[in-house]
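# Remarks on the overall topology
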Amino acid sequence: MADLFQEIKEKLRDAKLSIILPEGNDERIISAALKLQEEGIIHPIIIGKKEEVPSALTVINPQNYEKMDELVAAFVERRKGKVTEEQAQEILQDVNYFGTMLVYMKKANGLVSGAAHTTAETVRPALQIIKTKPGISKTSGAFIMVKGETRYVFADCAITISPTSEDLAEIAVESAKTAAAFGIKPKVAMLSFSTKGSAQSEETEKVVRATELAKELDSTILIEGELQFDASIVPAIAAKKAPDAVLQGDATVFVFPSLEAGNIGYKIAQRLGEFEAIGPILQGLNAPVNDLSRGCSAEDVYKLAYITAAQALI
Ligand SMILES: CC(C)(COP(=O)(O)OP(=O)(O)OC[C@H]1O[C@@H](n2cnc3c(N)ncnc32)[C@H](O)[C@@H]1OP(=O)(O)O)[C@@H](O)C(=O)NCCC(=O)NCCS
Ligand SMILES: CC(=O)OP(=O)(O)O
């Protein structure tokens, strides 16, 4: 399998896309931006103070941005009835709101933040300004998990705290699309603590129903549920626990039944299983805005910037 990032770079080479990095005061961000700038495939734009950022980088400072009036007016319009002009002026001094508005106004193609901000601080501006695509009710956060040639998608690891069956069905369909977009054949496992009725409870029924709803949303989707993780990934265990299942230990997309399970699960695979965790990639938004874990490295920032730019081409 070709290297994921080589594939992405080839696609982006002539696209001339720019990505906003609002956390100009974080050294991991600066280090990633310098590497991106040097490669010259995507153009990083830092939000911060010119005098505090290496001169090789493009910097925009909300405190002296010449088109702030235009941004304020567009923000008041987008948040009609929810913010006044005075409030907008103050809110847009926040680097995440400011950067997200630059994406909304098409002054850049995407945004990556979250190295120094919580997920809520990073994604709330996107939920309020960029919003979900028509037909998508909620965004969700997927990780591409990579180890050698192995690639999986895990979701939702970032956004929906207590998903309903409807939410899980949408997460399954969106995660299958994310997998396909990044060269992974989607085979979706709807995870639970039960395999095909081995336990019965409100929680397991929620996943069974979600599996049915996902098939209604997309009749072409290759999906199985409810499954325990071992039955979704180990063929011998699938043969024992779920011999009639359409997936036989070959799942590639894992949909977790709650944010607790998803967020803990991806971090275990990353920290004990030595998988590289790329994301969270926000699914279903009108333009790509992606979060980082505060535990990220400069390399993680660099890679998520490429993933974000690639999403802008989808
Ligand atoms: C994502 C999160 C911050 C949203 O919470 P919130 O801002 O309090 O949400 P609210 O209900 O106040 O909604 C704010 C706006 O976002 C929208 N929104 C909320 N959740 C959304 C979702 N999943 N998808 C799309 N829009 C959403 C609302 O419709 C609302 O829009 P409006 O102001 O235009 O009406 C919250 O769900 C959260 O904290 N999730 C967990 C994040 C986390 O810590 N993850 C672990 C680390 S990755
Ligand atoms: C994705 C995630 O868990 O983010 P953080 O580690 O910043 O909470």
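Residues numbered from 1 in each chain as written. Chains lettered and ligands numbered in written order. Predicted model: local features only at pLDDT ≥ 70, side-chain atom pairs only at ≥ 80, totals over all residues. Heavy atoms only, no water.

### Considerations on the sheet that holds strand E11 (residues 289–291)
So the rule is basically this: Pairing between strands is defined by DSSP: at least two bridges between the two strands are required. Where helices and strands are cited, they refer to DSSP runs of H or I of at least four residues and of E of at least two residues respectively, numbered from the N terminus. A fitted line through C-alpha atoms represents every axis, and for helices the fit uses only the stretch in contact; the resulting angles, taken between N-to-C directions, go from 0 to 180 degrees. Two residues form a contact once any of their heavy atoms are found within 4.5 Å.
Strand order in the open sheet formed by five strands is E3-E2-E1-E4-E11, with parallel pairing between adjacent strands. Whereas interior strands pair on both sides, the edge strands pair on one side only; in this sheet they are strand E3 (58–60) and E11. Averaged over all neighbouring strand pairs, the angle between strand axes comes to 25°, with direction disregarded. Note that strand E1 (residues 17–21) and strand E2 (residues 42–47) share five bridges and pair parallel. Bridging from a neighbouring strand, Ser18 pairs with His43 of E2. Packing against the sheet, helix H12 (residues 298–313) makes contact with E1, E2, strand E4 (110–113) and E11, and its axis sits at approximately 130° to E1.

### Describing the site of ligand 2
Applicable threshold: Being near a molecule or strand, for a residue, comes down to having at least one heavy atom within 4 Å of it. Pairing of N or O atoms within 3.5 Å defines a polar contact, subject to two protein rules: one partner must be a possible hydrogen donor and the other a possible acceptor, and residues neighboring in sequence count only if both atoms are side-chain atoms. Per-residue and other accessible areas were derived by the Shrake-Rupley procedure at a 1.4 Å probe size, with only the shown protein chains allowed to occlude residues. For this classification, the nonpolar set comprises Ala, Val, Leu, Ile, Met, Phe, Trp, Tyr, Cys and Pro, the charged set comprises Asp, Glu, Lys and Arg, and every other residue, Gly included, is treated as polar.
Near ligand 2, the surroundings consist of Thr119, Phe143, Asn263, Tyr266, Lys267, Pro280, Ser293 and Arg294. Taking Asn263, its side chain carries an N or O atom lying 3.0 Å from an oxygen atom of ligand 2. Within the side chain of Lys267, a nitrogen or oxygen atom sits 2.9 Å from an oxygen atom of ligand 2. Protein coverage of the free-state accessible area of ligand 2, which is 260 Å², stands at 87%. For the shell around ligand 2, the leading source of residues is helix H11 (residues 259–271), giving three residues. The class makeup of the residues in the shell around ligand 2 is three nonpolar, three polar and two charged.

### Here we look at the UniProt feature "domain: Phosphate acetyl/butaryl transferase" (unreviewed entry) in the protein chain
Quick note on the threshold: UniProt positions are given in the numbering used here, feature names are shortened, and annotations may be inferred rather than shown by experiment.
UniProt marks residues 4–309 with the feature "domain: Phosphate acetyl/butaryl transferase" (unreviewed entry), using the numbering shown here. As annotated, residues 4–309 has a helix share of 43% and a strand share of 18%, and its two end C-alpha atoms lie 14 Å apart.

### Here's the deal with the sheet that holds strand E10 (residues 276–283)
Hydrogen bonding along the main chain pairs the strands of a sheet, whether they run parallel or antiparallel. Ordered by their spatial adjacency, six strands build an open sheet running E8-E7-E9-E6-E5-E10, and the pairing between neighbours is mixed. In the strand order of this sheet, the two ends are held by strand E8 (223–227) and E10, each with one partner. For this sheet, the mean angle separating the axes of adjacent strands, direction not counted, is 20°. In this structure, strand E6 (residues 150–155) lies alongside strand E9 (residues 253–255), joined through three bridges in parallel fashion. Note that in E9 the partner of Ala155 across the bridge is Val255.

### Comments concerning a nonpolar patch on the surface
Worth spelling out the cut-off: Within the patch definition used here, like charges are joined within 9 Å and nonpolar side chains (Val, Leu, Ile, Met, Phe, Trp, Tyr) within 5 Å, considering only residues with over 30% relative accessible area and no salt bridge. For this document, the term salt bridge refers to a Lys or Arg side-chain nitrogen within 4 Å of an Asp or Glu carboxyl oxygen.
A cluster of nonpolar side chains, namely Ile264, Ile268 and Leu272, defines an oily patch on the protein surface of about 330 Å² accessible area. Tracing the chain through its elements places Leu272 in the loop between H11 and E10.

### A closer look at the packing of helix H1 (residues 4–12) against H12
Note the threshold: Oblique is the label for any angle not covered by the other classes, which are roughly parallel (under 35 degrees), roughly antiparallel (over 145) and roughly perpendicular (65 to 115). By convention the crossing between two helices is left-handed if the near helix lies anticlockwise of the far one by an angle smaller than a right angle, and right-handed if it lies clockwise.
Closest axis-to-axis distance for the H1/H12 pair is 10 Å, and the angle between their directions is 50°. Overall, the two elements H1 and H12 adopt an arrangement that is oblique. When you trace H1 past H12, the crossing you get is left-handed. Each of Phe5, Ile8, Lys9, Lys11 and Leu12 in H1 lies in contact with H12, whose residues at this interface are Tyr302, Lys303, Tyr306, Ile307, Ala309, Ala310 and Leu313. Across the contact of H1 with H12, the residue classes break down as nine nonpolar, no polar and three charged.

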